[in-house]
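Structural features, examined
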Amino acid sequence: MERLNLNSTDLRTQQLLHPQILKRIAQIHKRLATRDVVNYILLIVIEMNKTKSKVREDLDEFFESKTVELVNWIWSTLPRLVQEVANSSTDGSNFKPGKKRRCRDWPECERGEKCEFFHPSAEVLTM
Ligand SMILES: [Zn+2]
């Protein structure tokens, strides 16, 4: 599959993909686990719907020897993640960016990703 054809994915879904992609990048290349890199990946993979080989070319200058691993992960995982996000939020009622109250327990919160309150760490990954 050369193109993922996820370009109909809405912005809210893309925002929900952020932490997952960030987490994976951190495992592959910790220094590159930033919002900008995730945004760039979402841009070329989803918005611009580039082919797999073109995405690999674009990411190569950042990820070098890790590029193939990352691109393979994106191609095998992103369509499934988009599907999961879409299924889990069909009513759209429980995701309001910026409206959530900040979690009092953060960063020691034990509920992790299931916590209903806002965790600043969802955007700035702590290792
Ligand atoms: Zn929490």
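All values reported here derive from a predicted model rather than from experimental measurement. (Residues numbered from 1 in each chain as written. Predicted model: local features only at pLDDT ≥ 70, side-chain atom pairs only at ≥ 80, totals over all residues.)

**With respect to the packing of helix 3 (residues 52-63) against helix 4 (residues 67-88)**
The geometry of helix 3 relative to helix 4 is characterised by a closest axis approach of 9 Å and an angle of 135° between their N-to-C directions. Judged on the interaxial angle alone, helix 4 and helix 3 are oblique. Here helix 3 runs over helix 4; the crossing is right-handed. Where helix 3 abuts helix 4, its residues Lys52, Val55, Arg56, Leu59, Asp60 and Phe63 lie against Thr67, Val68, Leu70, Val71 and Trp75. (Axes fitted to C-alpha atoms, helices over the stretch in contact; angles between N-to-C directions. Helix = DSSP H or I, 4+ residues; strand = E, 2+ residues; numbered from the N terminus. Parallel < 35°, antiparallel > 145°, perpendicular 65-115°, else oblique. Left-handed = near helix turned anticlockwise from the far one by under 90°. Contact = placed C-beta atoms within 7 Å.)

**Quick notes on the nonpolar core**
Formed by 17 residues in total, the largest nonpolar core has its most connected members in Ile21, Val38, Leu42 and Val45. Every element with two or more residues in this core is listed here: helix 1 (11-28), helix 2 (35-47), helix 3 and helix 4. (Core = buried A, V, L, I, M, F, W, Y, C linked by C-beta atoms within 7 Å. Buried ≥ 20, exposed ≤ 12 C-beta atoms within 10 Å, placed from the backbone.)

**Things to note about the environment of Arg3**
Along the chain, the position of Arg3 falls in the segment before helix 1. C-alpha of Arg3 to C-alpha of Thr51: the two residues are 48 residues apart in sequence and 4.6 Å apart in space. Excluding residues that lie within four positions of it along the chain, Arg3 makes contacts with Asn49 and Thr51.

**Digging into the environment of Thr77**
Assignment of secondary structure puts Thr77 in helix 4. Judged by C-beta crowding, with 14 C-beta atoms within 10 Å, Thr77 ranks as partly exposed. On a C-alpha basis, the gap between Thr77 and Ile21 in space is 9.7 Å, while along the polypeptide they are 56 residues apart.

**Section: helix 4**
Compared with the 32 Å implied by 1.5 Å per residue over 22 residues, the 30 Å span of helix 4 between its first and last C-alpha is a close match. Of all the bends in helix 4, the greatest, near 40°, is centred on Thr77, and the proline Pro79 appears no more than four residues after it. Those residues of helix 4 lying buried are Leu70, Val71, Ile74, Leu78 and Val82. In this fold, the buried residues of helix 4 make contact with helix 1, helix 2 and helix 3. (Expected span 1.5 Å × (residues − 1). Bend = angle between axes of the 7 residues up to and from the residue.)

**Brief notes about the packing of helix 1 against helix 2**
One way to put it is that helix 1 packs onto helix 2 with a least axis distance of 9 Å and a crossing angle of 115°. You can see that helix 1 and helix 2 cross each other, and the crossing is right-handed. Of the residues in helix 2, those in contact with Gln14, Leu17, His18, Ile21, Leu22 and Ile25 of helix 1 are Val37, Val38, Ile41, Leu42 and Ile46. For the contact of helix 1 with helix 2, the residue count by class is nine nonpolar, two polar and no charged. (Nonpolar A, V, L, I, M, F, W, Y, C, P; charged D, E, K, R; others polar.)

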